[in-house]
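Working through the structure, step by step
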Amino acid sequence: MRQFNFLNKLLEVQPTGSPFISLYLNTEPNETGKKDFDVFLRKQLSDHIAVMDAGSEKREHFEQDSKKIEEFVESLDPSTRGVAIFASAGDGDFFRTYEFEVPFEENHFYLFDRPYIFPLIRLFDQHPTFAVVSADTNSANIYMFRRAKTVRHEEIQNTKTGRSEVGGWSQMRYQRHIENFHQQHAKETIDELTTIVRSGDVDHVILAGDEAVIIPLLRNEMPEELSKKVIGTLKLNVNTSEHEIGEAGRELLAQHLNDANKENVDQLMEVNYENGVGVTGFEDVLSALFNGQVQKLYLSSNPEDIVYRDQDVRVLIKAYEPGLDDDIPDTRERELLIDELIKQAALSADEISFIGGEEGLLKPVGGVGAILRYQAKGATNQ
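Residues numbered from 1 in each chain as written. Predicted model: local features only at pLDDT ≥ 70, side-chain atom pairs only at ≥ 80, totals over all residues. Heavy atoms only, no water.

1. A word on a negative patch on the surface
The cut-off we apply is this: Put simply, a patch holds well-exposed residues, over 30% relative accessible area, that have no salt bridge, with like charges counted together within 9 Å and Val, Leu, Ile, Met, Phe, Trp or Tyr side chains within 5 Å. Computed with a 1.4 Å probe, the accessible areas rest on the Shrake-Rupley method; for each residue, only the protein chains presented here act as cover. One speaks of a salt bridge when a side-chain nitrogen belonging to Lys or Arg is within 4 Å of a carboxyl oxygen belonging to Asp or Glu. Working convention for charge: Lys and Arg count positive, Asp and Glu count negative, and His plus the chain ends are omitted. Charge positions are represented by NZ for Lys, CZ for Arg, CG for Asp and CD for Glu. Put simply, DSSP H or I for four residues or longer makes a helix, DSSP E for two residues or longer makes a strand, and each gets a number counted from the N terminus. Under the scheme applied here, a residue whose accessible area is under 20% of the maximum for its type counts as buried, over 50% as exposed, and between as partly exposed, the area being computed with a 1.4 Å probe on protein chains only.
On the surface, a cluster of negative charge is made up of Asp259, Glu263, Asp266 and Glu270. Its place among the elements puts Asp259 in helix 8 (residues 242–270). For Asp259, a relative accessible area of 34% puts it in the partly exposed group.

2. Quick notes on the packing of aromatic side chains
The following threshold applies: A pair of aromatic rings is counted whenever rings of Phe, Tyr or Trp (Trp by its six-membered ring) have centres within 6.5 Å, and the orientation is called stacked for planes under 30 degrees apart, edge-to-face for over 60 and tilted otherwise. The criterion for a charge sitting over a ring is simple: Lys NZ or Arg CZ within 6 Å of the ring centre, and within 35 degrees of the ring normal.
Counted under the stated rule, the structure contains 16 aromatic pairs. Centre to centre, the rings of Phe100 and Phe124 are 5.3 Å apart; their planes meet at 85 degrees, and the pair counts as edge-to-face. Of the two residues, Phe100 sits in strand 3 (residues 94–100) while Phe124 sits in helix 4 (residues 118–126), which places them 24 residues apart along the sequence. No difference in accessibility class separates Phe100 from Phe124, as the two residues are buried. Between Phe118 and Phe354 the ring centres are 5.1 Å apart and the planes differ by 85 degrees, which places this aromatic pair in the edge-to-face class. Here Phe118, found in helix 4, pairs with Phe354, found in strand 12 (residues 351–355); they are 236 residues apart in sequence, far enough to count as distant. Take Phe354: its relative accessible area is 2%, and that puts it in the buried class. If you follow Arg96 out to its NZ or CZ, it ends over the ring of Phe94, 4.9 Å from the centre.

3. Considering the nonpolar core
Where we set the bar: Residues belong to one nonpolar core when they are buried, are Ala, Val, Leu, Ile, Met, Phe, Trp, Tyr or Cys, and are joined through side-chain atoms within 4.5 Å.
The biggest cluster of nonpolar side chains holds 50 residues, and the ones touching the most others in it are Phe86, Leu120, Phe282, Leu297, Leu299 and Leu341. Met144, Val197, Leu207 and Val230 belong to the second largest nonpolar core, which has 21 residues in total.

4. Remarks on the sheet that holds strand 1 (residues 20–26)
This is how the line gets drawn: Any two strands between which DSSP finds at least two bridges are classified as paired. Axis lines are fitted through C-alpha atoms, for helices just across the contact stretch, and the angle between N-to-C directions can take any value from 0 to 180 degrees. We call two residues contacting when some pair of their heavy atoms lies within 4.5 Å.
Here we have 4 strands laid out as an open sheet, ordered 3-2-1-4, and antiparallel in their pairing. Each having just a single partner strand, strand 3 and strand 4 (108–112) make up the two edges of the open sheet. The average undirected angle you get between the axes of adjacent strands in this sheet is 5 degrees. Along the sheet face, helix 4 touches strand 1, strand 2 (82–88) and strand 3 and points at about 35 degrees away from the line of strand 3.

5. Details of the pattern of salt bridges
This structure, assessed with the given rule, holds 11 salt bridges. A salt bridge links Arg42 to Asp38; the nearest nitrogen and oxygen atoms lie 3.3 Å apart. Here Arg42 and its partner Asp38 are both found in helix 2 (residues 37–50), 4 residues apart, which amounts to about one turn of the helix. With a shortest N-O distance of 3.0 Å, Asp113 and Arg114 are connected by a salt bridge.

6. Let's talk about the side chain of Lys343
Positionally, Lys343 belongs in helix 12 (residues 334–348). Despite its burial, Lys343 pairs with no opposite charge; the closest candidate is Asp339, at 4.8 Å N-O. Apart from the residues within four sequence positions on either side, Lys343 is in contact with Leu11, Arg114, Pro115 and Ile117.

Pasting the structure below:
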């Protein structure tokens, strides 16, 4: 799935028996202005190494990973607000890091035999890339924000037009010239935006400016592929600071995603009937993923909403022998079993979405749902 190509190395990891660290840190300053994630980190590293046998290979690998992690966090950029680190010295000396300008909700330390990626995928889904076009009739700024960080800024400046006091036919001809100039400016702006969107894999577009003047001109120049990505407008002028634009854009995006969550769940429930193209519940969704039926996977953003029955899942996994059950984590390892849904979807589905909000929209159906490419015909491939 192109959506998560950057995670290929993590998705390809196979358990080797060596300890694999998955670490998520909220590196935001606390209420006193200081960062305290290092206290959490030191305690986790100390507590885990304390229960490992002295001189064992497992402890040796863990010590190597701990040293790398400590060296990495000491060099963090001050603007970093969220960090994900994956390390396993016993798995080909695996070490991957991801830094963000948005925080993880909490600090978490996981030690399994493979990476735990649920929080990382959730953060990427909840903070998609978006572009904001801030324009008037003679200038424009185009910003692209990825994970709440500006990654590109283009400025377009055209000659300012003045007002003429000439009346009659001359005034009409002059006005047509001005209108043509404004249209050309809008076209240049949209052409540049189209290039940025295509090259940067932008998910959403926001327009900022006078809704009676420049916004209609920009919309008229948009190709259909770009127009479909516009999620709303902001009443901000072209001189508004990048920070203000980013904050306002994120607020608008959050509301859009919340509305989209409700629409997605409504659609899922409408097609969730016997032999329909919607399924809910952990076991049925996992079965559909094994069969390659899932087009869109929906997961509750709160992992506590995701529930299943151990025995039912064990029976389902066994039905997909030979061999598959050896690659799937023990059903008692809840976090990793939830991750298995994500990994299976990354192999065959078109989209993975996390359904957030206080409403717990997916909680009544076990926190999991899916839209299928074709009707389900059974729980297994037998």
